[in-house]
Amino acid sequence: MNIMLFHSTYGLRPAVEAAADRLRGAGHEVWTPDLFEGRTFDTVEEGMAHRDELGKDELLKRAVLAAAPYSDRGLVYAGFSFGAATAQTLALGDDNAKGLLLLHGTSDLAANASVDGLPVQLHVAEPDPFETDDWLTAWYLQMGRAGADVEVYRYAGAGHIYTDPDLPDYDAEAAEATWRVALGFLETL
């Protein structure tokens, strides 16, 4: 598979590159665009402030420009938290998308969003301060109405970005379970 993997508001950190290497080791081609142009952050608050300073439109433009040269190959869009939201937006707008792998995040859906059986897999902490139960229920129903084939995996007691070993949220057991399931998902596409 060809995978476009977007970073979180922490920026393009070593954990994102390690995830890309793990995916490459499983035989996938992976791109990790740097939407923050080299900036990384130590706290989610700093990263979110930078994201807000750049603005949604600019970040979406950067993501589209990063993915556009590869879209005709049929991409799997993937991302961490903010990057998952970005991946979701691009996947729902790309008729060639082969799948959507969301790690720690989701996004609003346009009222007219429509996909034809797009395979979607979400991995999220339970509870997650950024992905509440009510939000996830509404998101799941909206994705289904849009035509996506959605699987949701919850990890009790894990922190928000529990796959990054350099963050306080890290949960080794949940991270390994996530990668095992995610790699299996990618094999089915």
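Each value, and the rule that gives it
Residues numbered from 1 in each chain as written. Predicted model: local features only at pLDDT ≥ 70, side-chain atom pairs only at ≥ 80, totals over all residues. Heavy atoms only, no water. 1 Å grid on protein atoms, 1.4 Å probe; cavity = no way out; pocket = protein on both sides within 12 Å on 5 of 7 lines; lining within 4 Å. Points joined across faces, edges and corners; volume = space filled by probe spheres on them. Nonpolar A, V, L, I, M, F, W, Y, C, P; charged D, E, K, R; others polar. Helix = DSSP H or I, 4+ residues; strand = E, 2+ residues; numbered from the N terminus. Expected span 1.5 Å × (residues − 1). Contact = heavy atoms within 4.5 Å. Polar contact = N/O pair within 3.5 Å; in protein donor to acceptor, adjacent residues only side chain to side chain. Phe/Tyr/Trp six-rings, centres within 6.5 Å; stacked < 30°, edge-to-face > 60°. Buried < 20%, exposed > 50% of the residue type's maximum accessible area, 1.4 Å probe, protein only.

S.K.: How would you explain empty space enclosed by the protein if you had to name every residue and give the values?
M.R.: Applying the stated criterion across every chain yields a total of one cavity of 30 Å³ or more. Reported here for the largest cavity is a volume of approximately 70 Å³. Considering the residues around the largest cavity, the lining is formed by Ser8, Tyr10, Gly11, Arg13, Ala15, Val16, Phe80, Ile161, Thr163, Asp164 and Leu167. Classifying every residue of the lining of the largest cavity gives six nonpolar, three polar and two charged.

S.K.: Provide a residue-level description of the layout of surface pockets, including the pertinent values.
M.R.: Looking at the largest pocket, its volume works out to about 670 Å³. Lining of the largest pocket is provided by 25 residues; of these, Arg51, Phe82, Ala85, Thr106 and Ser107 occupy positions nearest its centre. Of all the secondary-structure elements, those providing two or more residues to the lining of the largest pocket are helix 2 (44–54), helix 3 (56–67) and helix 4 (82–92). When grouped by side-chain class, the residues that make up the lining of the largest pocket number nine nonpolar, ten polar and six charged. Approximately 160 Å³ is the volume found for the second largest pocket. If you trace the second largest pocket, you find it lined by Ala15, Ala18, Ala19, Arg22, Phe80, Thr163, Pro165, Tyr170, Ala175, Glu176 and Trp179. When contributions to the lining of the second largest pocket are tallied by element, the ones reaching two or more residues are helix 1 (14–25) and helix 6 (172–187). Class assignment for the residues of the lining of the second largest pocket results in eight nonpolar, one polar and two charged.

S.K.: Before we move on, can you summarise helix 6 with the specific residues and values?
M.R.: Taking 1.5 Å of rise per residue, 16 residues should cover 22 Å, and helix 6 covers 23 Å from first to last C-alpha, within 8% of that figure. The secondary structure elements touched by the buried residues of helix 6 are strand 1 (2–6), helix 1, strand 3 (75–80), strand 4 (99–103), strand 5 (119–126) and strand 6 (149–156). Residue Asp171 occupies the N-cap position of helix 6, its side-chain oxygen lying 3.2 Å from the main-chain nitrogen of Glu173.

S.K.: Can you break down the packing of aromatic side chains residue by residue, with the values?
M.R.: Scanning all chains against the criterion turns up four aromatic pairs. Taken together, a centroid distance of 4.1 Å and an interplanar angle of 25° make the contact between Trp31 and Tyr70 stacked. Of this pair, Trp31 sits in strand 2 (residues 29–31) while Tyr70 sits in the loop between helix 3 and strand 3, and the two are 39 residues apart along the sequence. Using a relative accessible area of 22% as the deciding quantity, one classes Tyr70 as partly exposed. The interplanar angle of 45° and the centroid separation of 5.2 Å between the aromatic rings of Tyr155 and Tyr162 together place this pair among those described as tilted. Its relative accessible area of 10% is what places Tyr155 among the buried residues.

Distances and angles like these do not, on their own, reveal function.
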